Amino acid sequence: MPPKGTTRKKAANDGSTTHTPTLSEQLSYLHSPRPFKNPNYTKNTNRRTKNLKTVLGQEREKERVERERRRQERDSQAMDIDEVKKELVEVNEEISTYLSIEAPPSVLPQRHYCDITGLEAPYTDPRTGLRYHDKSVYELIKNLSPSAAKDYLAARGVNPVVR
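Residues numbered from 1 in each chain as written. Predicted model: local features only at pLDDT ≥ 70, side-chain atom pairs only at ≥ 80, totals over all residues. Heavy atoms only, no water.

1. Details of the UniProt feature "domain: Vps72/YL1 C-terminal" (unreviewed entry) in the protein chain
What counts is decided by this rule: UniProt positions are given in the numbering used here, feature names are shortened, and annotations may be inferred rather than shown by experiment. By the criteria applied, helices consist of DSSP H or I runs no shorter than four residues and strands consist of E runs no shorter than two, each listed in order from the N terminus.
If you check UniProt for "domain: Vps72/YL1 C-terminal" (unreviewed entry), the listed places come out as residues 112–141 in our numbering. End C-alpha to end C-alpha, residues 112–141 measures 17 Å, and it is 23% helix and 13% strand.

Here's what the structure looks like:
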């Protein structure tokens, strides 16, 4: 005897049955039009990729050519300007960019680093003037001799005055 529930019901075989789509077929976007894709798009096979060094070099070259062009325009227009005025124009022409070394000073406060560990130092020892990171470093600073504290301050570039 076969197990319960395994008997199959015979389907009506009259040939007039139509396929009813399942829920997943009804919700599928597979056959709907895609207006966001361009049907005439072809990939450019001649396009060559460039590495970062090449891109930065080309950007520097463009900036150099642009500066030279501006310099030539200025020289052709400013033949009768005094030398002092020419120097002022040259100073104003130098604009700091991402690639230039010159930049305005930071508006953020200068960071302080621990004289012992090199980590960021929110604290300063009032007796020696050494900057320290946490209490374990402070314990070490308390046990330092005055000459060792002077050496740490001199390494930082501070004129050591230890009391």
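2. Observations regarding the pattern of salt bridges
Short version of the rule: Any Lys or Arg side-chain nitrogen found within 4 Å of a carboxyl oxygen on Asp or Glu counts as a salt bridge. A 1.4 Å probe rolled over the protein chains alone gives each residue an accessible area, and that area as a share of the maximum for its type sets the label: buried under 20%, exposed over 50%, partly exposed in between.
In the structure shown here, the tally under the stated rule is seven salt bridges. For Glu68, the salt bridge goes to Arg71, with nearest N and O atoms at 3.7 Å. Note that Glu68 and Arg71 are positioned in helix H2 (residues 52–77) at a spacing of three residues, about one turn of the helix. For Glu68, a relative accessible area of 34% puts it in the partly exposed group. The partner of Glu73 in a salt bridge is Arg69, and the shortest N-O contact between them spans 2.4 Å.

3. Observations regarding the nonpolar core
Defined as follows: Residues grouped as a nonpolar core are buried Ala, Val, Leu, Ile, Met, Phe, Trp, Tyr and Cys residues, joined through side-chain atoms within 4.5 Å. In what follows, a contact means two residues having at least one pair of non-hydrogen atoms within 4.5 Å.
Cys114, Ala121, Leu130, Tyr132, Val137, Ile141, Leu144, Ala148, Ala149 and Leu153 form the largest nonpolar core, which has 10 residues in total. Counting only elements with at least two residues in this core, the list comes to helix H4 (135–142) and helix H5 (146–156). Not counting chain neighbours up to four residues away, the residues in contact with Cys114 comprise Leu119, Glu120, Ala121, Arg131, Tyr132, His133 and Val137.

4. Considering the side chain of Thr128
So the rule is basically this: Between N or O atoms, a polar contact is any pair within 3.5 Å; within protein, one atom must be a potential hydrogen donor and the other a potential acceptor, and residues adjacent in sequence are included only when both atoms are from side chains.
With respect to the element layout, Thr128 can be found in the loop between strand S1 (123–124) and strand S2 (131–132). A relative accessible area of 4% means that Thr128 is categorised as buried. Of note is the side chain of Thr128, whose polar atom sits 2.6 Å from the side chain of Asp125. At 3.3 Å, the side chain of Thr128 forms a polar contact with the backbone nitrogen of Leu130.

5. A look at H5
Each α-helix winds once per 3.6 residues, and so residues spaced three or four apart point in a common direction. The condition is simple: As used here, the arc belongs to the directions running from the helix axis to the C-beta atoms.
When we look at burial in H5, the residues that qualify are Ala148, Ala149 and Leu153. Seen along its axis, H5 keeps its buried residues to an arc of 140 degrees; they face one direction. Along H5, exposed side chains directed more than 90 degrees from the buried face belong to Asp151 and Ala155. A positive phi of about 95 degrees marks Gly157, the residue just after H5.

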